[in-house]
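# Structure assessment
If you want the building blocks of each chain, they are given just below.
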Amino acid sequence: MPLPYHLRDPNYLGFDIEKNKQRYQLERDKRIRKDTEDQFVEVVTERSDVSHFLTDDPIGEPRAPRGAIEDDIDTLVIGGGWAGLIIAARLRDQGVDNFRILEAGHDFGGAWYWNRYPGCQCDVQSYFYMPLLEETGYIPKLRFSYAPEIFEHAQRIGRHFRLYEKAIFGTWVTEMRWNDDGQHWVVSTNRGDTFRARSVALATGPASRPRLPGIPGIATFKGRSFHTSRWDYGYTGGDPDGNLTGLANKRVGIIGTGATGVQVIPKVAESAKETFVFQRTPSTVAGRNNACTDPEWAAILGPNWQRDMIANFDAVREMKADDPKLLEADTSLRFLTIMHRLMGEVDKATMTTQELAELREIADHIIMEEIRNHVDAVVKDPQTAEKLKPWYGYTCKRPTFNDEYLEAFNRPNVTLVDVSATQGVERITENGVVANGVEYPLDVIIYASGFEITSDFHKRIGIPIYGRDGGSIYDHWHEGMRTLLGLMTHGFPNLFFIGGLFTFTLSINYCSALDPQAQVVAGLIKRLLDNGDSIHPTIEAEDDWIRQQIEAGAQDFAVPLGSKGDDCTPGYYNHEGRSLDQRRDYRREGYGKGSIAYLSLLTDWAKANDLKGVEVLRSR
Ligand code: NDP
């Protein structure tokens, strides 16, 4: 049965899908750069004139001098964000106490330690997103929490599981090397430390390394400049709520209008003398619909409430369950509301996969039209409104949600500079930014330019890692990630991946799969300690998992980043617009059937308790 004709009819929809598609193509072609991912500069800790963008820590305690540490331990956890905290908590549950946590920041929190820029907020509901709420007995104050509350929760987990006594802060790992004779990892740091650890849990997160656009002259600017993940309140004044008094007499330039830019720009705009927003591609900006937590609801939460809510959220997202109250409360699920409405107009029993894909396309155009109409409704100047309208498919870029962003462009002190025609800002001078041939003199440049999320693995992880035969993990992964269940890789014994991009792509709730993964890995680590074994997956098991990943395909609810087609506007989702045949095999970096299917595979594998696909190398 073809879809009912009226569902694509411009008179019924109020817009013409075919005309919109032509516009999408034009806008995309305008932005495609030949240098794709190479347009960005890698921000490394040393050897670079932009290294301070990474190593600056305006928030943390100054790095206290300390002697180098040399230590033999059972387990080393690298990273003190959600993934590091959860695996450490689960190691405690297993009775594994001889471990350390290495963290570059000066406290726990990871992304929430570094990202303290004003307006910073999580777009996933706090009840699902903030981990271990039941264990720590904490109920978030808001449906969508702001960064300070989330950071405090990371500290709460650290205290609850006595993890502070295990943490070594302000320390970057500089190398990891497997020692086959000793059957342990040798891990070195920038503070001269050496750790010998039987197992390593790599928990460095999907977005821990900031990246900068390679704009000519970026290091020549004489004013103040910083990345949003290194916000300098000493310079701007104020706090995460805003009130940035230090900017009152300043001309501020912001480069980047992604999820970060959308949150930070309104806060800068309300304080700065003048704000110049350099926009290459507008984000989709929908309303936030935040709300305080209802104390009566909180009072009656039963056991396992968080686990059940996480499962329900993923089931609703994957259209395996319906929950009208959730759909209404959560604007990030608006696409699904439209889908449910459209599906009410077709015969679901006979609907083919092709028809479902067509319905998704129609829903995508409907939501994008709503988003463009919303711009018109809020932004008073029609020319500015036109520039703020996104012309691409809804899932081509990370959607954003904010009630103040579009309003900011009605302020007289805010100028939107569209740099799409030149594929980005042209140049940075000693005095400011050059865009469209005009120099904008500035006191401060803020880079809301994102993170190494889908770039080459060595840029994302940033640690040289050498395995059994002395080879680099990045060579082992040169055709794409090779793992068993996203957790471990051949030739790198007792190395476990927790979180990171693999987990990030399973669900928009990064924390959905983290705890189940951590429980499995903590169980494995305990077993290795008890038996004195070292393990790694076989090449055959890796190949088999890759086959399963490829067969899983890319569903809309689990977007393996890189999967978005050649018709999408460039961004980190599609490797900055690289043609499909030039992309790394993104299918190996996720599981296209989504969180629920992955967790079921993972749980079955762990329950079987036979280490299927794993080779025991040697018992000590
Ligand atoms: P993004 O990579 O999404 O955005 C980077 C921005 O910089 C884009 O607007 C990009 O433009 C722009 N840019 C890059 N180079 C240039 C250039 N040469 N000239 C002008 N502009 C340029 O980074 P974000 O930090 O915004 O977000 C990264 C991810 O972090 C999010 O997708 C999300 O997963 C997570 N996040 C989550 C938040 C939440 O939950 N609320 C909040 C913030 C971040 P273009 O689009 O044209 O490439």
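Residues numbered from 1 in each chain as written. Predicted model: local features only at pLDDT ≥ 70, side-chain atom pairs only at ≥ 80, totals over all residues. Heavy atoms only, no water.

With that settled, the discussion passes to the site of the ligand. Near the ligand there are 27 residues, and of these Q121, T260, T281, K397 and Y572 occur at the shortest range. Contact between the ligand and R398: an oxygen atom at 3.0 Å from a side-chain N or O atom of the residue. Residue V425 places a main-chain N or O atom 3.1 Å away from a nitrogen atom belonging to the ligand. When residues in the shell around the ligand are grouped by element, the largest group, three residues, is from helix α10 (residues 259-271). (Near = heavy atom within 4 Å. Polar contact = N/O pair within 3.5 Å; in protein donor to acceptor, adjacent residues only side chain to side chain. Helix = DSSP H or I, 4+ residues; strand = E, 2+ residues; numbered from the N terminus.)

In the structure, α10 departs most strongly from a straight axis at I265, where the bend amounts to approximately 30° and where the proline P266 lies between one and four residues downstream. Of all the 13 residues making up α10, eleven are buried; the element is thus mostly covered by neighbouring parts of the structure. T260, G261, V262, Q263, V264, I265, P266, K267, V268, A269 and S271 are the residues of α10 that are buried. (Bend = angle between axes of the 7 residues up to and from the residue. Buried < 20%, exposed > 50% of the residue type's maximum accessible area, 1.4 Å probe, protein only.)

With that settled, consider the domain arrangement of the protein. Looking at the assigned domains, one finds that the protein contains domain 1 (74-108 + 163-208 + 453-536) and domain 2 (210-288 + 366-447). Domain 1 and domain 2 are separated by 36 Å when their C-alpha centres are compared. (Domains from an automatic or database assignment.)

On to the packing of helix α4 (residues 82-93) against helix α21 (residues 514-531). α21 packs onto α4 with a crossing angle of 45° between their chain directions and a minimal axis gap of 8 Å. Taken together, the axis directions place α4 and α21 in an arrangement best described as oblique. Remark: the crossing between α4 and α21 carries right-handed chirality. Across the interface between the two elements, W82, A83, I86, I87, R90 and L91 from α4 touch L514, D515, A518, Q519, V521, A522 and I525 from α21. For the contact of α4 with α21, the per-class residue count stands at ten nonpolar, one polar and two charged. (Axes fitted to C-alpha atoms, helices over the stretch in contact; angles between N-to-C directions. Parallel < 35°, antiparallel > 145°, perpendicular 65-115°, else oblique. Left-handed = near helix turned anticlockwise from the far one by under 90°. Contact = heavy atoms within 4.5 Å. Nonpolar A, V, L, I, M, F, W, Y, C, P; charged D, E, K, R; others polar.)

This part covers the sheet that holds strand β18 (residues 444-447). Note on sheets: strands pair through backbone hydrogen bonds, and any given pair is parallel or antiparallel. Ordered by their spatial adjacency, five strands build an open sheet running β9-β18-β10-β11-β14, and the pairing between neighbours is parallel. The open sheet is flanked by β9 (224-227) and β14 (414-418), the only strands paired with a single partner. Adjacent strand axes in the sheet meet at a mean angle of 15° when their direction is disregarded. Sheet strands in contact with α10 are β10 (251-255), β11 (274-279), β14 and β18, and its direction is about 175° off that of β10. (Pairing = 2+ DSSP bridges.)

The full count for this structure, using the stated rule, is three cavities of 30 Å³ or more. Roughly 230 Å³ of volume is contained in the largest cavity. Contributing to the lining of the largest cavity are 18 residues, with I461, M481, G499, G500 and L501 lying nearest its centre. For the lining of the largest cavity, the secondary-structure elements that each account for two or more residues are α18 (457-461) and α20 (500-504). Partitioning the lining of the largest cavity into residue classes produces eleven nonpolar, five polar and two charged. (1 Å grid on protein atoms, 1.4 Å probe; cavity = no way out; pocket = protein on both sides within 12 Å on 5 of 7 lines; lining within 4 Å. Points joined across faces, edges and corners; volume = space filled by probe spheres on them.)

Take the state of the cysteines next. Counted according to the given criterion, the structure contains one disulfide. The partner cysteine of C396 in its disulfide is C568, sulfur to sulfur 1.9 Å. Handedness here is read from the sign of the S-S torsion; for C396 and C568, about -75°, the answer is left-handed. Of this pair, C396 sits in the loop between α16 (382-387) and β13 (400-401) while C568 is found in the loop between α22 (539-552) and α23 (595-608), placing the two residues 172 residues apart along the sequence. Here the two residues C396 and C568 agree in accessibility, since each one is buried. Among the cysteines around C292, which has no disulfide bond, C122 carries the closest sulfur, lying 17 Å off. Accessibility expressed as a relative area gives 65% for C292, which makes it exposed. Between C511, a free cysteine, and C122, which holds the nearest cysteine sulfur, the sulfur-to-sulfur gap is 8.0 Å. (Disulfide = S-S within 2.5 Å.)

Read from one edge of the open sheet, three strands run β15-β16-β17, paired in antiparallel fashion. The sheet terminates laterally at β15 (427-428) and β17 (438-441), the two strands that pair on one side only. Here β15 pairs with strand β16 (residues 432-435) via two bridges, running antiparallel. Directly across from R427, in β16, lies its bridge partner V434.

Once that is clear, we can look at the environment of G242. Tracing the backbone through its elements, the reader meets G242 in the loop between α9 (233-236) and β10. Residue classification places G242 among the buried residues on the basis of a relative accessible area of 1%. Taking C-alpha positions, G242 is 7.5 Å from V268, a pair spaced 26 residues apart along the chain. Those residues in contact with G242 that sit more than four places away from it in its chain are P118, K267 and E270.

Here we take up the pattern of salt bridges. Overall, the coordinates contain 46 salt bridges when judged by the stated rule. Here E27 and R31 are joined by a salt bridge, their closest N and O atoms 2.9 Å apart. Residue E27 and its partner R31 are both found in helix α2 (residues 17-31); the two are separated by four residues, about one turn of the helix. Here E27 and R31 have matching classes, each one buried. Here R460 makes a salt bridge to E589, at a shortest N to O gap of 3.0 Å. With R460 in helix α18 and E589 in the loop between α22 and α23, this pair connects stretches of sequence that are 129 residues apart. Within this structure, R8, E18, K21, E358 and E361 form a network of salt bridges that share partners. (Salt bridge = Lys/Arg side-chain N within 4 Å of Asp/Glu carboxyl O.)

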